[in-house]
Amino acid sequence: MPDTWPPAEPAEVELSAGDARLVVDLRGGALRRLAVGAWEVLDGYPAGRMLPGWRGAVLLPWPNRIRDGRWRWEGEELQLEVQSPEEPHAIHGLLSWQPWSVLQRSDRSVTVGTTVEPHPGYPFRLAAAVDHVLDADRLTWTLRVRNAGNRPAPFGAGVHPYLSVGATEDGGIGDAGLALPARTELVLDGGMPTGERRPFDGAVGRVGDRALDTPLTDLERDAEGWAKVRLTGAAGELVLAADAAWPWLQVYSGDTLPTGQWRRSLAVEPMTCPPNALADGTDLLVLEPGAEWAGTWTLAWSPAA
């Protein structure tokens, strides 16, 4: 009998530019680590671990939650797997645990990819590729999605980085300063939309004790179409800029995370749609067979003097 096994390596891929180091986990495609010198710009996770709190995860074919995992498409009732009996919703897509492969690589860029195969509750086929370009002062991240099936495919997308500006203790994000480019908040109850929207003031200032787990839209954009989040702290300033492909941001201050992760960093999640979009259709994208979509965000850093 042949002693042949599936390849176990590489498990991740690393890029460097100046003092910046990026590690992409090929088990899920997540941003596992981004550091600039001694500054851990992303609050990531150790090699070989399951990503806690969905850190750095690629969220496809939906971001956030689908109520009870139930939705309907073209008259067909569909049921996705739910997270747990305590939280009976489908959460953050289908890609976070499956293998990705390196499609192309250079000194400062790497493209990784995988395929969403038809799945219980999601009978569509999507090809996904993520382009990472690392410069000494920023990361540029682009998700590309192609309908690899033979029928129109509805989907949403997002990504789940936790931004860190120097806090190393639980609760430390309270000392950070925050500015968000949003004018409207989607009201949630138990993580699911109530149907209500209300005005939002993005000039947050010091985070303090404020608890955030908030979908935001009506994003203010600069002349080039970028919506910019600014987070400042002892380590420096981070600016996350999302292009027009991302009309939503989910901002999460980590209040439900366990000890050792609690309110230590801020998740800022560019999204194409809000929670429950597969079910209620809000900003849901649909690709015809062979059609493609792409969205880009960047993260720039300025270390403290």
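Note that the structure is a prediction, hence the values are computed from the model and not measured.

**Let's talk about the sheet that holds strand S27 (residues 292-303)**
Pairing between the strands of a sheet is mediated by backbone hydrogen bonds and can be parallel or antiparallel.
Part 1: Pairing in this open sheet of nine strands is antiparallel, and the strands run S10-S11-S12-S13-S27-S23-S22-S17-S20 from one edge to the other. A strand with exactly one partner marks an edge of an open sheet, and here the two such strands are strand S10 (101-105) and strand S20 (205-206).

**Details of the nonpolar core**
Part 1: Formed by 77 residues in total, the largest nonpolar core has its most connected members in Tyr-122 and Trp-301.
Part 2: Membership of the second largest hydrophobic core comes to seven residues, among which are Ala-30, Leu-51, Leu-59 and Ile-91.

**What about the side chain of Ser-96?**
Part 1: The topology assignment puts Ser-96 in the loop between strand S9 (90-91) and S10.
Part 2: Leaving out residues up to four positions away in the same chain, Ser-96 has contacts with Arg-27, Gly-28, Leu-51, Trp-54, Ala-57 and Val-58.

**Quick look at the pairing of strand S23 (residues 236-242)**
Part 1: Here S23 lies mainly inside the structure; six of its seven residues are buried.
Part 2: As paired strands, strand S22 (residues 227-233) and S23 are joined by seven bridges and run antiparallel to one another. Paired with Gly-233 across the bridge in S23 is Gly-236.
Part 3: In textbook terms, the turn of a hairpin is the stretch between consecutive antiparallel strands, and for S22 and S23 this stretch comprises two residues.

**Some points on the layout of surface pockets**
Part 1: Space inside the largest pocket adds up to approximately 370 Å³.
Part 2: Along the walls of the largest pocket sit 21 residues, with Arg-65, Asp-213, Tyr-252, Thr-256 and Leu-257 positioned nearest its centre.
Part 3: Taken together, the residues that form the lining of the largest pocket break down as eight nonpolar, eight polar and five charged.

**A short note on the sheet that holds strand S4 (residues 39-40)**
Part 1: Judged by pairing direction, the sheet is antiparallel, and its four strands sit side by side in the order S1-S2-S3-S4 without closing on themselves. The outermost strands of the open sheet, each flanked by one partner alone, are strand S1 (12-17) and S4.
Part 2: In this structure, S1 lies alongside strand S2 (residues 20-25), joined through six bridges in antiparallel fashion. Bridging across to S2, Leu-15 finds its partner in Leu-22.

**Considerations on the pattern of salt bridges**
Part 1: Applying the stated criterion to the full structure yields 16 salt bridges.
Part 2: Two residues, Arg-198 and Glu-185, come together in a salt bridge whose shortest N-O distance is 3.3 Å. With Arg-198 in strand S19 (residues 192-199) and Glu-185 in strand S18 (residues 182-189), this residue pair connects regions lying 13 residues apart in the sequence.
Part 3: Judged by its relative accessible area of 14%, Glu-185 is buried.
Part 4: Ionic pairing is found between Asp-222 and Lys-228, a salt bridge with its closest N-O pair at 3.5 Å.
Part 5: Among the residues examined, Asp-222 registers a relative accessible area of 30% and is labelled partly exposed.
Part 6: Taken together, the shared-partner salt bridges connect Asp-43, Arg-55 and Arg-264 into one network.

**Remarks on the environment of Pro-6**
Part 1: Within the secondary structure, Pro-6 is located in the segment before S1.
Part 2: Distance from Pro-6 to Thr-194, taken between C-alpha atoms, is 46 Å for residues 188 residues apart in sequence.

**A short note on unusual backbone geometry**
Part 1: The linkage connecting Leu-60 with the following residue, Pro-61, adopts the cis geometry, with an omega of 10°.
Part 2: Locating Pro-61 in the fold gives a position in the loop between strand S5 (57-59) and strand S6 (65-66).
Part 3: The phi torsion at Glu-74 lies on the positive side, around 50°, for a residue other than glycine.
Part 4: For Glu-74, the location among the structural elements is in the loop between strand S7 (70-73) and strand S8 (76-79).
Part 5: Accessibility expressed as a relative area gives 60% for Glu-74, which makes it exposed.

**As for the environment of Ala-127**
Part 1: For Ala-127, the location among the structural elements is in strand S12 (residues 126-135).
Part 2: Ala-127 sits in the partly exposed class, given a relative accessible area of 27%.
Part 3: It is 26 Å that separates the C-alpha atoms of Ala-127 and Gly-44, two residues lying 83 residues apart in sequence.
Part 4: Those residues in contact with Ala-127 that lie beyond four places of it in its chain are Thr-114, Thr-115, Arg-144, Val-145, Arg-146 and Ala-148.

Cut-offs used in this document
Residues numbered from 1 in each chain as written. Predicted model: local features only at pLDDT ≥ 70, side-chain atom pairs only at ≥ 80, totals over all residues. Heavy atoms only, no water. Pairing = 2+ DSSP bridges. Helix = DSSP H or I, 4+ residues; strand = E, 2+ residues; numbered from the N terminus. Core = buried A, V, L, I, M, F, W, Y, C linked by side-chain atoms within 4.5 Å. Buried < 20%, exposed > 50% of the residue type's maximum accessible area, 1.4 Å probe, protein only. Contact = heavy atoms within 4.5 Å. 1 Å grid on protein atoms, 1.4 Å probe; cavity = no way out; pocket = protein on both sides within 12 Å on 5 of 7 lines; lining within 4 Å. Points joined across faces, edges and corners; volume = space filled by probe spheres on them. Nonpolar A, V, L, I, M, F, W, Y, C, P; charged D, E, K, R; others polar. Salt bridge = Lys/Arg side-chain N within 4 Å of Asp/Glu carboxyl O.

All quantities given are derived from atomic positions and should not be read as evidence of function.
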